[in-house]
Amino acid sequence: MNILFAASEAVPYSASGGLAEVVGSLPKAISKKGHNCAVVIPLYRSIKPEHRKYMYFVTNITVDVSWRKQYCGIYSLENNGVTYFFIDNEYYFDRDGLYGFYDDCERFVFFDRAVIEMLKHIDFKPDIISCNDWQTALIPVYLQIYYKYQQGYNKIKTAFTIHNIAYQGKYGREVLNELMGIPEHNAGILEYDGYINMLKGALETTDRIITVSPSYAKEILDPWYAYGLDRILVTKQHKLKGILNGIDTDDYNPEKDPSIAWHFSKDNLSGKAKCKSEMLTALGLVVDDEPVIGIVSRLVKHKGFDLIRCVFEEIIKSGFKFAVLGSGEKIYEEFFIEMARRYPDRVSVTTGYVPELARIIYAGSDMILMPSQNEPCGLAQMIAMRYGTPPIVRETGGLRDSVRDNGGTDGNGFTFKTYNSDDMLDAVRRAKRDYDDKQRWNELVLRAMNCDYSWTIPAENYIEVFEELINE
Ligand code: GLC
């Protein structure tokens, strides 16, 4: 099979979160199983010269954005058996940052149209286009409206993966004609609750909807989790499937990771203790045996930071330290900055997206805390387990599908059910109790490290879906 992954970000070229990790590793895993994979992303300003030097210019074309005719350069390179394509337009992508601009809708209308038009000019002919999140949601829409009967396009099937349903690409009605160039008689595909909703357009037109964990696939049928889209999703259940993400276990490997000072494995954990002291020193915290909770996350509401705020000082006073890395909403950034000021020996916060520090925290912490209100999959808990760091999580989405509570003797972390700070506090206290029992803790750490969260199985699940589509 030939599979083209379209996305707005991919490791190692551009990343703001878990989406980039998945797009950076799933195609590699599928290509190892004998399929041809390609990835297409925008050529952002932030893509480093060390990557640009491997790119070659394929061609340039003109892409319609409603009445506008826009330049589109196509660049390409090979990496790990996967072909990458980069869509170039300086006006749209030569900016600081990936999203959050007033014209994001126009930028991704351009990108989606460019991805489809590009296919006439490259020698990669996809059987499947795997689209990811709202930024690529118009690809199946355009294919249906404009390309279905065109030579070269009529056999292409699409799968659309929802990484987080909170982000939908909602705009006023005027974008339909003015930016998307979609005629009024097709408005129904994209209209929802009085908006133009790009994600909804994808749900209507794609051949399969995938989401990043089996639990989340059920949760998004429920208004509490669906950010308004439950009503449309219940009518699409026949084509909805949850596949738990994997992580790149070659890259996230405590035996080799160049970002950490000491290496370790299941057979010899002494390096982990050294990573802990090294991290505490580097972050300016006191070095001792108290448990350290790591947090590596976007600092946004749905990650559960309100629960953490409620009981943070209680946790600190019961003998914990915190190593926090992330950026996001001001209210949470300021909260952690204030806590670090109040407890300089015990709390460290770094605001930003710093991949090397993330790895230092995964390896150097004793536990990782993820009390998410909703979590489509979550990768931090899987990476943390790979580094011998049991997660404390709320039972939702992919957290529920990957973490088992250590109440008995077969857990790999700690879990709580209700979105409530006392329940979270109770899980944190149970973690402390187990941490203080060195033998029990050691067994837990080994169980966490023994879990297989590689792409081996999930890649098979994706291949199955793609093959089903081709045979339909
Ligand atoms: C989004 C989700 C996260 C998921 C990631 C990759 O960032 O919020 O839960 O792990 O996408 O699919």
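The preceding data block contains the structure.
In this text, all values refer to a predicted model and were calculated from it rather than measured experimentally. (Residues numbered from 1 in each chain as written. Predicted model: local features only at pLDDT ≥ 70, side-chain atom pairs only at ≥ 80, totals over all residues. Heavy atoms only, no water.)

Let us now look at the sheet that holds strand S8 (residues 170-171). Two modes of strand pairing occur in sheets, parallel and antiparallel, and in both the strands are linked by backbone hydrogen bonds. Reading across from one edge, S8-S10-S9 is the order of the 3 strands in this open sheet, with antiparallel pairing throughout. Taken across any chain shown, the strands that pair with only one partner, and hence form the sheet edges, are S8 and strand S9 (191-192). Inspection of the sheet shows S8 paired to strand S10 (residues 195-197) by 2 bridges, in the antiparallel sense. What sits directly across from Lys 170, in S10, is Asn 197. Contacts between helix H8 (residues 198-205) and the sheet are confined to S8, S9 and S10, with S10 contributing the most and set at about 55° to the helix. (Pairing = 2+ DSSP bridges. Helix = DSSP H or I, 4+ residues; strand = E, 2+ residues; numbered from the N terminus. Contact = heavy atoms within 4.5 Å. Axes fitted to C-alpha atoms, helices over the stretch in contact; angles between N-to-C directions.)

Our focus in this paragraph is the site of the ligand. Around the ligand, the surrounding shell holds 14 residues, and the nearest of these are His 163, Asn 245, Glu 375, Cys 377 and Gly 378. With respect to the ligand, the side chain of Asn 164 contributes an N or O atom lying 3.2 Å from an oxygen atom. In isolation the ligand has 310 Å² of accessible area, and contact with the protein removes 94% of it. (Near = heavy atom within 4 Å. Polar contact = N/O pair within 3.5 Å; in protein donor to acceptor, adjacent residues only side chain to side chain. Areas by Shrake-Rupley, 256 points an atom, 1.4 Å probe, with all protein chains shown as cover.)

Residue Val 11 is joined to Pro 12 through a cis peptide bond whose omega torsion reads 10°. At Asp 133, a position not held by glycine, the phi torsion is positive, near 65°. Inspection of the secondary structure assignment puts Asp 133 in the loop between strand S6 (128-132) and helix H5 (138-147). Backbone geometry places Asp 193, a non-glycine residue, at a positive phi of 50°. Counting through the fold element by element, Asp 193 comes out in the loop between S9 and S10.

Time to look at the packing of H5 against H8. At a closest axis distance of 7 Å, the pairing of H5 and H8 adopts a crossing angle of 55°. Taken together, the axis directions place H5 and H8 in an arrangement best described as oblique. Considering only the axes of H5 and H8, their crossing is left-handed. Residue-level inspection shows Leu 138, Pro 140, Val 141 and Gln 144 of H5 in contact with H8, the latter providing Met 198, Gly 201, Ala 202 and Thr 205. When the residues that make up the contact of H5 with H8 are grouped by side-chain class, the tally is 5 nonpolar, 3 polar and no charged. (Parallel < 35°, antiparallel > 145°, perpendicular 65-115°, else oblique. Left-handed = near helix turned anticlockwise from the far one by under 90°. Nonpolar A, V, L, I, M, F, W, Y, C, P; charged D, E, K, R; others polar.)

With that settled, the discussion passes to the side chain of Thr 205. Looking at where Thr 205 falls in the secondary structure, it is placed in helix H8. A polar contact is formed between the side chain of Thr 205 and the backbone oxygen of Gly 201, at a distance of 2.8 Å. Excluding its chain neighbours within four sequence positions, the residues that come into contact with Thr 205 are Pro 140, Val 141, Gln 144, Thr 158, Ile 189 and Lys 239.

Roughly 320 Å³ of internal volume is contained in the second largest pocket. Considered class by class, the residues forming the lining of the second largest pocket number 6 nonpolar, 4 polar and 5 charged. (1 Å grid on protein atoms, 1.4 Å probe; cavity = no way out; pocket = protein on both sides within 12 Å on 5 of 7 lines; lining within 4 Å. Points joined across faces, edges and corners; volume = space filled by probe spheres on them.)

Attention now goes to helix H12 (residues 270-282). For H12, which comprises 13 residues, the first-to-last C-alpha distance of 19 Å matches the rise-based estimate of 18 Å (1.5 Å per residue) to within 8%. Along H12, the positions that sit buried rather than exposed are Gly 271, Lys 272, Cys 275, Lys 276, Met 279 and Leu 280. Against strand S13 (292-296), strand S14 (321-325), helix H15 (355-364) and helix H18 (421-436) lie the buried residues of H12. In the segment just after H12, Gly 284 is the residue with positive phi, at about 75°. (Expected span 1.5 Å × (residues − 1). Buried < 20%, exposed > 50% of the residue type's maximum accessible area, 1.4 Å probe, protein only.)

With respect to the secondary-structure elements, Ser 76 resides in strand S4 (residues 68-79). Separated by 250 residues in the primary sequence, Ser 76 and Gly 326 place their C-alpha atoms 31 Å from one another. In contact with Ser 76, not counting residues within four places along its chain, are Tyr 54, Met 55, Tyr 56, Val 58, Thr 83, Tyr 84 and Phe 85. For Ser 76, the side chain forms a polar contact with the main-chain oxygen of Tyr 84, separated by 3.0 Å.

Take it as geometry only, folks, not as evidence of what the structure does.
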